[in-house]
Structures are given as structure tokens and as C-alpha cells.
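A closer look at the structure
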Amino acid sequence: MKLIFTVISICCIFYLTALAWPGKVTAGEVAVEVKKTVDAVVVIVTDNDLKKKQNGQKRRAALKQAIGRIFDYTEMARRSMGAHWKELTLVQQKEFTDLFASLLENTYGGKIESYNNEKVLYGKESVEGTHAELESRVITARGNDYTLGYRLLRKEGRWMVYDVYIEGVSLISNYRTQFNKIFNERGYSELVKKLRAKSAEQAE
Amino acid sequence: MKKASVEAVVGVFMLVGILSLAYLSIRLGKLELMGGDFYDLSATFNSVSGLKSGASVEIAGVEIGRVDRIELDPSRGYMARVLLRVRTGAKLTDDSIASVRTRGIIGDKYILIKPGGSDKILLGGGKIRETESAVDLEQLISEYIHGKI
């Protein structure tokens with residue numbers, strides 16, 4: 001009898017602790033979220049029907065949709081722009097976000113489409129309030145491997161990626177340096193012109 | 001009487017000498033006796049190889065503070081935790097990026113801050129989340145020369 005009471009009270013304590021800690025995240029939640037998207041992307045790029053040349057546009061659109069579900073382009077654009085973001089009007093911010101998103105799609109789309117049976121292993125995940133970081137290792141068919149990390153932000157109950165780093169080199173940091181330089185030297189209009197040109201060049 | 005005044009002059013001379021020496025040590029050792037003009041921030045890196053305490057913290061090449069302490073952060077799988085002392089005048093947003101950089105090819109390591117555009121300003125005791133570790137140039141070169149397995 002005493003044992004049953006003890007077990008029940010321990011269960012109650014655990015239950016109450018769980019209730020009192022609403023921000024607690026179950027282990028691996030971020031990894032599950034990222035894995036879902038990565039798996040969806042792999043399904044698209046390995047689809048033989050979509051690989052056909054005439055389906056190129058369809059494939060890119062499917063990729064864009066799958067990746068867009070977890071990538072927060074507005075947050076990425078805002079962070080890449082850094083201190084100059086506040087100097088832009090709302091219209092300019094929207095224009096810049098769209099351009100930045102298409103630059104990313106065109107730059108990385110081709111790389112993702114050249115997928116060749118790379119394996120992805122998920123590593124350590126750290127969650128701190130509304131911020132999370134997840135590390136993964138990508139192993140190529142030839143056996144080379146590199147670290148691919150994600151930084152995520154919890155927005156409206158969902159984890160959204162705002163930065164990606166490869167071998168410790170951050171994507172946002174790279175663009176922030178470049179955008180800041182162009183903005184300071186030649187202004188916003190020149191930056192937009194450059195982004196458009198680069199995006200078009202990558203799309204070819 | 002005369003002897004006493006000579007001794008007093010020597011005493012004063014010694015005192016001035018000691019004070020000058022103390023002043024010189026503080027200036028050369030870059031010690032801060034009063035911590036009023038600075039606030040502390042921390043940042044966690046995967047590796048800070050080559051970074052030393054006392055290294056400068058810069059924005060666009062302008063020094064805004066110094067590395068106060070470097071220690072292991074066992075709570076995050078043995079990463080390096082760097083404590084920075086930043087001048088009060090330099091306000092950093094919570095999306096600032098801290099990178100370990102090298103001056104020149106083989107120069108000293110320092111911390112470069114790339115300011116962000118967020119509305120939240122980091123207060124004393126705050127943490128810079130976005131960090132970039134030191135790139136191991138020697139490792140990259142050796143992988144390039146000998147090939148990566």
C-alpha cells in the first residue's frame with residue numbers, strides 16, 4: 001500500500017513539474033522538424049519523373065515550397081542586412097526580402113539538386129528559450145563529410161531556420177559583411193541592382 | 001633638523017617614484033581599476049584557438065572592448081565561453097554576430113562584431129548568440145595539400 005502511494009505521489013510530482021514548465025521542449029523536437037524538411041527535399045530531388053529536363057521548373061517550385069516551410073526568409077533578410085534594415089522603408093524591406101530569397105534559391109537550388117546519395121546524421125541540439133541550434137553531418141557518397149548547422153527561432157509555435165552554417169562559417173554573417181560594404185559604399189539601389197544581377201546569373 | 005628634511009625629500013621622491021611605477025604598470029598592463037565604463041557580455045564558440053584574454057573586440061576596426069576571460073563551458077559539450085568587456089558607449093543588438101578573426105594571415109586573433117538591426121539591445125551579463133569560430137587555416141591548407149580523406 002505504501003509503495004503504491006509513493007509511486008502515485010512521484011507521478012503527481014512529475015506531472016506538476018511538466019505543467020509548471022510550459023516552455024520545456026521535448027528532446028530532439030528541433031531535429032525532428034528539420035529532418036522532416038530534409039527528407040521531403042530528398043524525396044523531391046530523387047524523384048525520377050521530376051529529374052526530366054522538361055520538369056525542371058516544376059522541380060524547383062516543389063523544392064521552393066518544401067524549403068520555404070521551415071526557412072524564415074524575412075528573418076534571414078533582416079539579419080543579413082544588419083544595422084541598415086531599419087533605414088529601409090517597408091516597401092524596400094519587402095523588395096529586399098524577395099530578392100534575397102530568390103538569391104538563396106538560385107545559389108543553393110542547383111547545389112541541392114545535384115544531390116548524390118549524401119547521408120545526413122543529426123548531432124547535438126541545444127534549445128534556449130526561443131532560440132535553438134542543431135548540428136548535422138553530411139556524408140558524401142565518396143566519404144567526405146562536413147558539418148552543416150542550423151540556427152532556429154521559435155515563432156508562432158513553430159521552429160523556423162534563420163541561419164545555416166557550413167563548417168562553422170555562417171551564411172548570415174557572410175552576407176551581412178558583403179551587404180554592409182555595398183550599402184555603405186554605394187547605397188541601397190546599387191545593392192538591389194547587384195542582387196538582381198547575381199540572382200539572374202545564378203539562375204542561368 | 002637638516003638631516004630630517006633631507007630624509008623627507010628622499011621619502012617624497014621615493015613615494016613619487018613608486019606611484020609613477022604603479023601608474024606605468026597599470027597603463028602598460030592595460031588594467032582597469034574602476035569598471036564603471038564597461039559592461040560584460042558572453043559568447044560561446046566551438047573553438048577560439050589562438051585567442052587570448054586581453055585581445056581586442058572590434059566593430060569595423062574600431063576597438064570597443066577587450067576579451068576579459070576565456071573558459072570552458074561544460075554545459076554545452078565543452079565549448080569555449082568568452083567573456084567580453086565592452087565600452088558602455090558601444091550598444092550591441094541581440095542579433096550581433098561575433099567572429100574570431102585573425103589580423104593578417106598569421107597575426108593575432110581578435111573578436112570582430114558585426115552589428116545587427118534588432119530593436120533589442122544587449123545589457124550587461126547578456127549573451128551574443130550568433131558566433132563564428134576561428135577557422136583553422138593550417139588544417140585547411142593541409143587538407144588542400146595532402147587531400148581530404
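Residues numbered from 1 in each chain as written. Chains lettered and ligands numbered in written order. Predicted model: local features only at pLDDT ≥ 70, side-chain atom pairs only at ≥ 80, totals over all residues.

Now for the sheet that holds strand E8 (residues 130–132) of chain B. Within a sheet, adjacent strands bond to each other through the backbone by hydrogen bonds, running parallel or antiparallel. Residues and elements named next belong to chain B. Read from one edge of the open sheet, eight strands run E7-E1-E4-E3-E2-E6-E5-E8, paired in mixed fashion. The open sheet has two edge strands with one neighbour each: strand E7 (126–128) and E8. Sheet twist, expressed as the average angle between the axes of neighbouring strands with direction ignored, equals 30 degrees. Relative to strand E6 (residues 109–114), strand E2 (residues 56–59) runs parallel, the two sharing two bridges. Bridge pairing in E6 places Glu58 opposite Leu112. (Pairing = 2+ DSSP bridges. Helix = DSSP H or I, 4+ residues; strand = E, 2+ residues; numbered from the N terminus. Axes fitted to C-alpha atoms, helices over the stretch in contact; angles between N-to-C directions.)

Attention now moves to the nonpolar core. Counting residues in hydrophobic clusters, the biggest one holds 50 residues, and the most contacted among them are Val30 and Leu152 of chain A together with Leu84 and Ile111 of chain B. For this core, the element with the most residues is helix H2 (residues 29–46) of chain A, which contributes five residues. Leaving out residues up to four positions away in the same chain, Leu84 of chain B has contacts with Asp40, Leu41, Ala43, Val57, Gly65, Val67, Asp68 and Ile111 of chain B. (Core = buried A, V, L, I, M, F, W, Y, C linked by C-beta atoms within 7 Å. Buried ≥ 20, exposed ≤ 12 C-beta atoms within 10 Å, placed from the backbone. Contact = placed C-beta atoms within 7 Å.)

Residues and elements named next belong to chain A. One open sheet accounts for five strands, arranged E1-E2-E3-E4-E5; its pairing is antiparallel. Taken across any chain shown, the strands that pair with only one partner, and hence form the sheet edges, are strand E1 (119–128) and strand E5 (169–170). Of the pairings in the sheet, the one linking strand E2 (residues 131–139) to strand E3 (residues 145–155) comprises nine bridges and is antiparallel in character. Within the sheet, the bridge partner assigned to Glu135 lies in E3 and is Gly149. Along the sheet, H2 contacts E1, E2, E3 and strand E4 (158–166); its crossing angle with E1, the most-contacted strand, is approximately 145 degrees. Packing against the sheet, helix H5 (residues 73–81) makes contact with E3 and E4, and its axis sits at approximately 45 degrees to E4.

So, on to the environment of Ala80 of chain B. Tracing the backbone shows Ala80 of chain B in strand E4 (residues 79–87). Here the alpha-carbon distance between Ala80 of chain B and Ser47 of chain B, two residues 33 residues apart in the chain, equals 6.0 Å.

Before going further, it helps to examine the interface of chain B and chain A. On the side of chain A, 20 residues touch chain B, which itself brings 16 residues to the contact. Grouping the amino acids of the side of chain B that touches chain A by side-chain chemistry returns three nonpolar, six polar and seven charged. (Nonpolar A, V, L, I, M, F, W, Y, C, P; charged D, E, K, R; others polar.)

With that settled, the discussion passes to the domain arrangement of chain B. The assigned domain composition of chain B is domain 1 (1–31) and domain 2 (38–136). One C-alpha centre belongs to domain 1 of chain B, the other to domain 2 of chain B, and the line joining them spans 39 Å. (Domains from an automatic or database assignment.)

In this section: helix H4 (residues 56–68) of chain A. Residue and element names in this part refer to chain A. For H4, spanning 13 residues, the distance from its first C-alpha to its last is 18 Å, which sits close to the expected 18 Å at 1.5 Å a residue. Where H4 is concerned, the buried positions are Leu63, Ala66 and Ile67. All buried residues of H4 project into a common sector of 90 degrees when viewed along the axis, lining one side. Away from its buried face by more than 90 degrees, H4 exposes Gln57, Ala61 and Gln65. Buried residues along H4 sit in contact with H2 and helix H6 (90–113). (Expected span 1.5 Å × (residues − 1). Arc of directions from axis to C-beta.)

Any region with low pLDDT has predicted coordinates that should not be read closely. All names here are of chain A. Per-residue confidence for chain A gives a mean pLDDT of 83; residues scoring 70 or more make up 86%. Mean pLDDT per element in chain A: helix H1 (residues 2–20) is the minimum at 51, and H5 is the maximum at 93. This model gives residues 11–25 a pLDDT under 50, and the stretch forms one contact once residues within four places in sequence are excluded. (pLDDT = per-residue confidence, 0-100.)

Residue and element names in this part refer to chain A. H6 packs onto H5 with a crossing angle of 100 degrees between their chain directions and a minimal axis gap of 9 Å. What the angle tells us is that H5 and H6 run roughly perpendicular. On the side of H5, the interface is formed by Tyr73, Thr74, Met76, Ala77, Ser80 and Met81, while H6 contributes Phe96, Thr97, Phe100 and Ala101. Looking at the contact of H5 with H6 residue by residue, the class counts come to seven nonpolar, three polar and no charged. (Parallel < 35°, antiparallel > 145°, perpendicular 65-115°, else oblique.)

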